[in-house]
Amino acid sequence: MALGMHHRTGQVLPPGLKHQLVPELVRKLKLLQARVEMAPLVAGDKREVMQRLQAIIAKAPCVLFMEGSPSAPAAGESSEAVALLQKAGLKFEHFDVTTDSSLRQELIVHVASKAACKYPLLFCNGKFVGGFDEMKRLNEQGKLADLCAPGSLTQRLEQLINKAPVMVFMKGSPDAPRCGFSRTLVELFKKNNVTYGSFDILMDEDVRQGLKQYSNW
């Protein structure tokens, strides 16, 4: 479930409209939470790790999970992967798995059935590509650059929407909302103990405008 904010900064919902929308919104959110709680999702800490993993993968079209950083790789194959991607002219974000032992372990489990059980690991447009051997194979075939080409805005929006069962596109953050409607919604969720993810649309104009078309506002 994705919720978008499109009121101007500081604008508050009219009292009459607020009284009409809030009960219906709470009802729908409680129904959604009930379905989520009944779904066979991973539990506890593992669920939180998977949500963080999905958020990292959605950060950029191309994400390399590696040991160390591009400027200071901590392992040989991570260094070689960085050199390979840079030589291919690919822009990519990285995540240093040595800084997060839980995510490091869970990601290996997540991709273990796909014949890649060591770092570095590459994701492109939200999909798992493979380890260093697969990167080399794709590069030799001339397919690496095409595979990591930026996806469409629709793909990016869908990745963001799927980051959490309830996803709020708002102005500001839950800790510092920057418009009246966003502030009202944060307070409503807090009052009803709704767990949700968020994205600050003021930080990305492409997402802000694309969301309007995607949601058919």
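Worth saying up front: this structure is predicted, and the values here are computed from it rather than measured.

### Focus on the pairing of strand β6 (residues 121–124)
Consideration 1: Alternating positions in β6 separate into two faces, L121 and F123 on one and L122 and C124 on the other, with burial throughout.
Consideration 2: Of the strand pairs in this sheet, strand β2 (residues 62–66) and β6 are connected by 4 bridges, and their pairing is antiparallel. Counted as the bridge partner of L64 is L122 from β6.

### Quick word on the pairing of β2
Consideration 1: For β2, the buried fraction is high: 5 of the 5 residues fall into the buried class.
Consideration 2: The alternating pattern of β2 places C62, L64 and M66 on one face and V63 and F65 on the opposite face, and all of these are buried.

### Brief notes about the confidence of the model for the protein chain
Consideration 1: A residue-level look at the protein chain finds 74% of positions with pLDDT of 70 or above and a mean pLDDT of 79.
Consideration 2: Within the protein chain, strand β3 (residues 68–69) carries the highest mean pLDDT (96), whereas helix α1 (residues 15–38) carries the lowest (55).
Consideration 3: Overall, residues 5–13 carries pLDDT values under 50, and its contacts beyond four positions in sequence, including any with other chains, amount to 27 contacts.
Consideration 4: A low-confidence stretch, residues 35–44 (pLDDT under 50), is modelled with 5 contacts involving residues beyond four sequence positions or located in other chains.

### So, the sheet that holds strand β7 (residues 127–131)
Consideration 1: Reading across from one edge, β5-β2-β6-β7 is the order of the 4 strands in this open sheet, with mixed pairing throughout. Every interior strand has two partners, whereas the edge strands, β5 (93–96) and β7, have only one. On average, each strand axis in the sheet is inclined to that of its neighbour by 20°, with strand direction left out of account.
Consideration 2: Bridge count for β6 against β7 is 4 bridges, and the pairing is antiparallel. Paired with C124 across the strands is K127, a residue of β7.

### A few points about the nonpolar core
Consideration 1: Core analysis: the largest hydrophobic core is formed by 18 residues, its most contacted members being L53, F65, L103, L107, Y119, L121 and F123.
Consideration 2: Every element with two or more residues in this core is listed here: α2 (44–57), β2, α4 (101–111) and β6.
Consideration 3: At 5 residues, α2 tops the list of elements feeding residues into this core.
Consideration 4: Beyond its immediate sequence surroundings of up to four residues, L107 is in contact with L53, F65, Y119, L121 and F123.
Consideration 5: Residues M66, A81, L90 and F132 belong to the second largest nonpolar core, which totals 16 residues.

### Regarding the environment of R183
Consideration 1: Mapped onto the fold, R183 is located in helix α8 (residues 180–191).
Consideration 2: A residue is classified by how much of its surface remains accessible, and R183, at 37% relative accessible area, is partly exposed.
Consideration 3: Sequence-wise, R183 and G172 are 11 residues apart; in three dimensions their C-alpha atoms are separated by 9.1 Å.

### Focus: the side chain of E106
Consideration 1: Within the secondary structure, E106 sits in helix α4.
Consideration 2: Residue class for E106 comes out buried when judged on its relative accessible area of 15%.

Calculation criteria
- Residues numbered from 1 in each chain as written.
- Predicted model: local features only at pLDDT ≥ 70, side-chain atom pairs only at ≥ 80, totals over all residues.
- Heavy atoms only, no water.
- Buried < 20%, exposed > 50% of the residue type's maximum accessible area, 1.4 Å probe, protein only.
- Helix = DSSP H or I, 4+ residues; strand = E, 2+ residues; numbered from the N terminus.
- Pairing = 2+ DSSP bridges.
- pLDDT = per-residue confidence, 0-100.
- Contact = heavy atoms within 4.5 Å.
- Axes fitted to C-alpha atoms, helices over the stretch in contact; angles between N-to-C directions.
- Core = buried A, V, L, I, M, F, W, Y, C linked by side-chain atoms within 4.5 Å.

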